[in-house]
Amino acid sequence: SEPIICITSRCNQACVFCSRGGGDPADPARRIKRTINAFRDSICIEGGEPALAENLLEWAAYARKRGTKDIILVTNGSGLDRTGFVRDLLAAGITMFNVQMPAHTAGLFDLLTGTKNNFEKRVAAVRNLIAVAGGDRVRLTLVVNSATGRCLPQYAGFIAKNFPEILYIEINMVKVLGHVKRRTWLVP
């Protein structure tokens, strides 16, 4: 697993399965620099939602300048439906976009993310990433929980139909951390 830097605690979702739980603060700048300086193979930029951080491009560029080979943005896709933003991220040094795709239907998406009517925007963000960055730079992540566990064949069919160009799907089991400590019903 890659070293992680958390550049913001801000998030625009309230995912019921979030292992951070919204309470973890962003890493201090000195820790971020120390981590980037220590790891040259890869680094994960996370949050909250890192696309909401004003210094995202600066941290990506710093990692690139320091010689980090793989700079992975772990994101919910916020703003990635904008072509210019994706190009800016690529220019700053992002090499992989790891996008949380928690569900294959709008209703389940809203339930799991604590949002309303954002499913199509996430789909558009993934399609834009594929078009601008290429499918080999896009990884989708599914956190399996009691609400999605029985839907894996339908989820796989949705991904295969809508995003056949992506590199791969990462499937993680829900962790009993963050919000899940209060929602153990999410554990299959």
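Data block above holds the structure.
Residues numbered from 1 in each chain as written. Predicted model: local features only at pLDDT ≥ 70, side-chain atom pairs only at ≥ 80, totals over all residues. Heavy atoms only, no water.

Trainee: Can you walk me through the environment of A60 in this structure?
Mentor: Assignment of secondary structure puts A60 in helix α2 (residues 56–65). Taking the C-alpha atoms as reference, A60 lies 30 Å from K116; in sequence the two are 56 residues apart. (Helix = DSSP H or I, 4+ residues; strand = E, 2+ residues; numbered from the N terminus.)

Trainee: Please clarify how the packing of helix α1 (residues 29–38) against α2 should be interpreted in this entry.
Mentor: The angle between the axes and the distance between the axes are what describe a pair of packed helices. Interhelical geometry of α1 versus α2 gives an angle of 30 degrees and a closest axis separation of 9 Å. Of the two possible hands of crossing, α1 and α2 adopt the one that is right-handed. Within the contact between the two elements, α1 uses A29, I32, K33, I36 and N37 and α2 uses W59, Y62 and A63. Residue classes in the contact of α1 with α2 are distributed as 6 nonpolar, 1 polar and 1 charged. (Axes fitted to C-alpha atoms, helices over the stretch in contact; angles between N-to-C directions. Left-handed = near helix turned anticlockwise from the far one by under 90°. Contact = heavy atoms within 4.5 Å. Nonpolar A, V, L, I, M, F, W, Y, C, P; charged D, E, K, R; others polar.)

Trainee: For this particular structure, what's the right way to read the nonpolar core?
Mentor: The nonpolar side chains of soluble globular proteins are, as a tendency, buried together. Judged by nonpolar contacts, the single largest core of 50 residues is most densely connected at I45, F97, M101, L140 and F163. A per-element tally of this core places helix α5 (residues 119–133) first, with 7 residues. When neighbours within four sequence positions are excluded, M101 is seen to be in contact with F119, R122, V123, L140, T141, L142, Y155, F158, I159 and F163. (Core = buried A, V, L, I, M, F, W, Y, C linked by side-chain atoms within 4.5 Å. Buried < 20%, exposed > 50% of the residue type's maximum accessible area, 1.4 Å probe, protein only.)

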